[in-house]
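# Structural overview
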Amino acid sequence: MDDLTEDEVSIFYQKALDSGMSEMQIEKAAKAQGYTAADIAKMRDKLSKFSISSKTGNKAEVPENTEVSRVTIGNLSKPKKIEPSSTDPSKSRKPLDEQIFTLEERVFLSQPLNVYNDSLVKAYKELQLRRSIALEKVIFGADLFDTETLNFEPDLKIATPSNYLLGPDDEINIDIFGDVLDNFKVKVSTEGTVKILNLSPIYVNGLSIDAASNRIIGRLRQLYQGLNKPGSGSSAQVTLGNVRSIKVTLTGEVKFPGSYTVSSLATIFNALYLAGGPSANGSYRNIRLIRGNKTIRTLDLYDFLLKADQKDNIHLQDQDIIRISDYETRVELIGEVKRPMIFETLKGETLKDVLRFAGGFTSKAYTYSIPVTRNTSRELKLMNITQDEVSNFLPQNGDKYVIGAIIERFENRVEIEGAVFRPGMYALEQGVSTIKELIKRAEGAREDAFLNRATITRRQENYEPQIISVDLGKILRGEVADISLQREDVVKVFSITNLKEKRIVSIFGEVNLEGEFEYKEGMKVGDLILLAKGFKEGASYSKIELARRIVTHGQGTVSDEKVDIITFDINGDLEISNKGSQFVLSPFDILSIRKSPDYEIQRYISIQGMVNYPGVYALKNNQKKISDFIELSGGLKAGAFLEGAQLYRNSEIVGINIEEIVENPGSKDNMYLMAMDSIYVPRIDQTVKMSGALQNPISVTYKTDYKLSDYIAEAGGFAPNAIKSHVYVKNPNGISSKTKRFLFFKNYPKVLPGSEIIVDGIPIGAKKGLTTGEVMGISTSLASFSLTLIYLINLIIK
């Protein structure tokens, strides 16, 4: 392999593909020619550098007169896996071509070969080869020679078989040990002899290894006295080293006929595997080994496939011939057998033997009658084989047996369901033939059974269902005659519970588990409260409300009152003697437990920042104001910035003036606080932030003598898009102040430490003011309106 160039390997590989061989078959052929696994690996490595059509999947053009314009040609010689045929007799198996080929490939094959140009003839032949290989896959035993995990290669590391006969090119190892140490490796010559030192040639051809050992050691005694004799002190051992190669020929209906070089330890199976096994027309039951023009063994592969029997898998000898005969009889089994395939039969074998080849019937097989389609000299013939005829029925070539599935119906089944102790299916037989007997077998009707009416669902002659109603109570009491059952009858006994709306009671309010609970007869208010896991801490024991439906079923006077409200008190301990807890409930009652009017959970507010004792404080009642909690927190610290203090309620800022609240607790800003309110008193912030339509939005240091205009000047003045009338100041406490006008005077808001000055601006791209044309248009309209008005006034005066 090392001596071959990459171009030579590519040419060899392409020629092999052109002959219709797959990659696996090429490797088998290479092994048969003496290439090792390492050589094959090198071949793959060299081929990987080339774009070979069978690997890259190149596309070939189809002539315009065909029904398909393009077909993909790639890996065409590799057969697709054939899925097992469906065992459902109601579904016909797909034709073999539909299992193997795509629609495009089937259209491609439907054209005569002569319509294609030379570039497509190869693709056509490769598709035909795939069909042939796929056909073999449905033949029982065909996959034995088409798997890489089973190759039957002989094990060269085992002891030499006692019946192994030496021949030219066998290597013999001779080890001498004891008083004398020596070793010889000799090879059997083409004349059948071995040569050791100065001894004359020793003839060993055709001898077993034991016989050859005795002859060689006997001759060695001429050099080593007493060899292998007691007391001599020296011994010798003769073993077989490397075995020779032999040539065998495979002929007949073999996939790849020819002469193969194999190890002398190879068996018939080794040679069959190298040659790909029997062809599509080859026999798996009649494989003959011919030696010296005589058939010395006939191999039946079914012995190995079915019983793992290798009695006829004997070792090969040089110039042996293996001939695979044509098959004589093949039959096909499909449907409910374990191996639905094509089987080969020998003379005298019956349908029972074929079923054994197929592994027998599946659990759902219909065995009462087996239909067989048989070819006659003119047309097809249909036959039916009964169970008794299977053992004697002789298959003929081309027979097709379809094993159907049993019908999903019972010949003696009845069923009972509903309010009985053992619902289910029962056999319709002596002892279970009537309704009364069936209910007895089901261990009787349950206590909740509705005995006034039961139903029997029965199939009519046209298989349409019908309902038969019976008075089950009278039948069980013997007041009316019992009713006989038929197969597939379904008896249904109804439950009183299932005939009623699901009855519940509900409880809501101050209990630990609100919701709905199943109503039970005799349930009382105290029982329902226990099911709800008792009262909550704030529950009121007085004025408990019970809402009850008013049900008349349409009888009596129609009233506007649909619900009856009952109010009562209860003992919190739910004592049995308490009248309220002993109030009897009715289905669908709704019980409401109110909260005690004087009960309230603890509420808190938070005060943080520049106070002496920041933290969380309880809200004792609803009359506590901001000033009360500032006082509770120990008052304000030095440096507290009251003008920036903020009140948060529901995560939003509420604008307040705490400075005024502290100085005047009666101020309107001194609000009543609510649970979860939060007050924050900050340190003084000595900065002023400026944002919006300014030349340079920036934060600057607070200056006591600065006015609003001074801060705007420090930001570089207004931007071109600024709206100068829309300037406002956001104070630290969240309250905003805007610029005010009085006549021609502007009153700018005061700027405090921590304030933010905000200037609104016109959005980019929007117009600012009126254009010249718009001004002229408005002026013209006003002039016209003025003239019209003057004209009307003159008319009125006249």
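Residues numbered from 1 in each chain as written. Predicted model: local features only at pLDDT ≥ 70, side-chain atom pairs only at ≥ 80, totals over all residues. Heavy atoms only, no water.

### Details of the overall build of the chain
Rules: Helix and strand labels come from DSSP, where a helix needs a run of H or I of at least four residues and a strand needs a run of E of at least two; each type is numbered from the N terminus. We call a residue buried when its accessible area falls under 20% of the maximum for its residue type, exposed when it is over 50%, and partly exposed in between, using a 1.4 Å probe and counting protein chains only. Throughout, a contact is declared for two residues whenever any of their heavy atoms are within 4.5 Å. Methods summary: accessible areas were calculated by the Shrake-Rupley approach with a probe of 1.4 Å, and residue burial reflects only the protein chains presented.
Secondary structure assignment for the chain yields 18 helices and 39 strands. A total of 798 residues make up the chain; the buried ones form 38% of that total. In the chain, of all internal contacts separated by at least 6 residues, the share reaching a separation of at least 24 is 59%. Summed over all atoms, the accessible surface of the chain reaches about 47200 Å², with 51% contributed by carbon and sulfur.

### Digging into the packing of aromatic side chains
For any pair of aromatic rings, the description rests on two quantities: the centre-to-centre distance and the angle between the ring planes. Short version of the rule: Geometry of aromatic contacts follows a simple scheme: Phe, Tyr and Trp rings, the Trp one being its six-membered ring, pair when their centres are within 6.5 Å, and the pair is stacked under 30 degrees between planes, edge-to-face over 60, tilted otherwise. Charges are assigned to positions over rings by a cutoff of 6 Å between ring centre and Lys NZ or Arg CZ, combined with an angular limit of 35 degrees from the ring normal.
What the rule picks out here adds up to ten aromatic pairs. Ring centres of Phe269 and Phe304 lie 5.1 Å apart, and the angle between their planes is 75°; on these two criteria the pair is classed as edge-to-face. With Phe269 in helix α9 (residues 268-274) and Phe304 in helix α10 (residues 301-307), this pair connects stretches of sequence that are 35 residues apart. Accessibility expressed as a relative area gives 17% for Phe304, which makes it buried. Through pairs of rings, three or more aromatic residues link up here, namely Phe140, Tyr302, Phe343 and Phe357. Sitting over the face of the ring of Tyr327, Arg330 holds its NZ or CZ atom 4.0 Å from the ring centroid. Over the aromatic face of Tyr672 sits the side chain of Lys625, whose NZ or CZ is 4.8 Å from the ring centroid.

### Remarks on the pairing of strand β13 (residues 329-335)
The following threshold applies: A pair of strands is labelled paired if DSSP reports no fewer than 2 bridges between them.
In terms of burial, β13 is a largely internal element, seven of the seven residues being buried. Here four bridges tie β13 to strand β14 (residues 342-345), and the two strands are oriented antiparallel to one another. Opposite Val331, over in β14, you have Phe343 as the bridge partner. Linking β13 back to β14 in an antiparallel pair, the connection comprises six residues.

### Brief notes about a nonpolar patch on the surface
Selection criterion: Residues qualify for a patch when their relative accessible area is over 30% and they have no salt bridge, like charges being joined within 9 Å and the nonpolar side chains of Val, Leu, Ile, Met, Phe, Trp and Tyr within 5 Å. Between Lys or Arg on one side and Asp or Glu on the other, a salt bridge is scored when a side-chain nitrogen of the former is within 4 Å of a carboxyl oxygen of the latter.
The grouping of Phe785, Leu789, Ile793 and Ile797 at the surface amounts to a nonpolar patch, some 430 Å² of accessible area in total. Along the chain, Ile793 turns up in helix α18 (residues 772-797). Residue classification places Ile793 among the partly exposed residues on the basis of a relative accessible area of 41%.

### Quick word on the sheet that holds strand β4 (residues 182-187)
To keep it simple, the criterion reads: Axis definition: a line fit to C-alpha positions, over the contact stretch in the case of helices; interaxial angles, taken between N-to-C directions, run 0 to 180 degrees.
Spatial strand order, β4-β3-β7: three strands in an open sheet with antiparallel pairing. Each edge of the open sheet carries a strand with a single partner, namely β4 and β7 (234-240). Neighbour-to-neighbour, the strand axes of this sheet turn through a mean angle of 15°, independent of strand direction. As paired elements, strand β3 (residues 171-178) and β7 share seven bridges and run antiparallel to each other. Counted as the bridge partner of Ile174 is Val238 from β7. Packing of helix α8 (residues 209-220) onto the sheet brings it into contact with β3 and β7, and relative to β7 it is tilted by some 140°.

### Overview of the environment of Phe177
Along the chain, the position of Phe177 falls in strand β3. For the pair formed by Phe177 and Ser234, sequence separation is 57 residues and the distance between their alpha carbons is 5.9 Å. Not counting residues up to four positions away in its chain, the partners in contact with Phe177 are Gly233, Ser234, Ser235, Ala236 and Gln237.

### A word on the sheet that holds strand β25 (residues 544-549)
The sheet built from five strands is open, its strands ordered β24-β23-β27-β25-β26 with mixed pairing. A strand with exactly one partner marks an edge of an open sheet, and here the two such strands are β24 (515-518) and β26 (563-568). Between one strand and the next, the sheet's axes are offset by a mean angle of 20°, whatever the strand orientation. As paired elements, strand β23 (residues 504-509) and strand β27 (residues 590-593) share four bridges and run parallel to each other. The partner of Phe508 across the bridge, within β27, is Ser592.

### Considerations on the pattern of salt bridges
Counting across every chain of the model gives 24 salt bridges. With its nearest N and O atoms 3.4 Å apart, the salt bridge here joins Arg297 to Asp312. Of the two residues, Arg297 is situated in strand β11 (residues 294-299) and Asp312 in the loop between α10 and β12 (321-326); the sequence distance between them amounts to 15 residues.

### A short note on α8
Here is the rule we go by: Every helix has an expected span of 1.5 Å times one less than the residues it contains. The arc under discussion is defined with respect to the helix axis, by the directions toward the C-beta atoms.
Taking 1.5 Å as the rise per residue, α8 with twelve residues should run 16 Å; its terminal C-alpha atoms sit 16 Å apart, in good agreement. Among all positions in α8, only Ile209, Ala212, Ser213, Ile216, Ile217 and Leu220 are buried. Each buried residue of α8 lies within a common arc of 125° when the element is viewed along its axis, so the set occupies one face. Each element contacted by the buried residues of α8 is listed here: β3, β5 (193-194), β6 (202-203) and β7.

### Some thoughts on the side chain of Glu344
As a reminder of what qualifies: None of His or the chain ends enter the tally, which takes Lys and Arg as positive and Asp and Glu as negative.
Relative to the assigned elements, Glu344 resides in strand β14. One buried charged side chain, Glu344, makes no salt bridge at all; its nearest oppositely charged neighbour is Arg330, positioned 4.8 Å away. In this structure, Glu344 is in contact with Gly282, Ser283, Tyr284, Arg285, Tyr302, Tyr327, Thr329, Arg330, Glu349 and Phe357, ignoring residues within four places of it in sequence.

### So, the environment of Arg323
In this structure, Arg323 sits in strand β12. Along the chain, Arg323 and Ile287 lie 36 residues apart, while their C-alpha atoms are 5.9 Å from each other. Residues within four places of Arg323 in sequence aside, it is in contact with Thr251, Gly252, Asn286, Ile287, Arg288 and Ile290.

### What about unusual backbone geometry?
One non-glycine residue, Glu443, lies in the positive phi region at around 65°. Assignment of secondary structure puts Glu443 in the loop between α12 (435-441) and β20 (449-459). Backbone geometry places Asn650, a non-glycine residue, at a positive phi of 55°. On the secondary structure map, Asn650 appears in the loop between β30 (646-649) and β31 (652-654).

### Overview of the nonpolar core
Stated formally: What makes a nonpolar core is a set of buried Ala, Val, Leu, Ile, Met, Phe, Trp, Tyr and Cys residues whose side-chain atoms join them at distances within 4.5 Å.
Counting residues in each nonpolar core, the largest one holds 49 residues, and the members touching the most others are Leu250, Leu272, Ile322, Leu333, Phe343, Leu351 and Tyr401. At six residues, α9 tops the list of elements feeding residues into this core. If we skip the residues at most four places from it in the chain, Phe343 touches Phe140, Tyr302, Thr329, Arg330, Val331, Leu333, Val354, Phe357 and Ala358.

### Concerning the side chain of Asp489
Going by this rule: Counting of polar contacts relies on pairs of N or O atoms within 3.5 Å, with two restrictions inside protein: one atom must be capable of donating a hydrogen and the other of accepting it, and residues adjacent in sequence are counted only when both atoms are side-chain atoms.
Position of Asp489 relative to the elements: it lies in the loop between α13 (472-477) and β22 (490-495). Looking at Asp489, the relative accessible area reads 1%, which means it is buried. A distance of 2.7 Å separates the side chain of Asp489 from the side chain of Arg458, its partner in a polar contact. Ignoring sequence-local partners within four residues, the contact set of Asp489 consists of Arg413, Val414, Glu415, Ile456, Thr457 and Arg458.

### Notes on the confidence of the model for the chain
Applied cut-off: A residue's pLDDT is simply how confident the predictor is in it, with values from 0 to 100.
Chain-level statistics for the chain give a pLDDT mean of 82 and a share of 81% at 70 or above. When the criterion is pLDDT under 50, residues 50-93 qualifies, and its contacts beyond four places in sequence or with other chains add up to 96 contacts.

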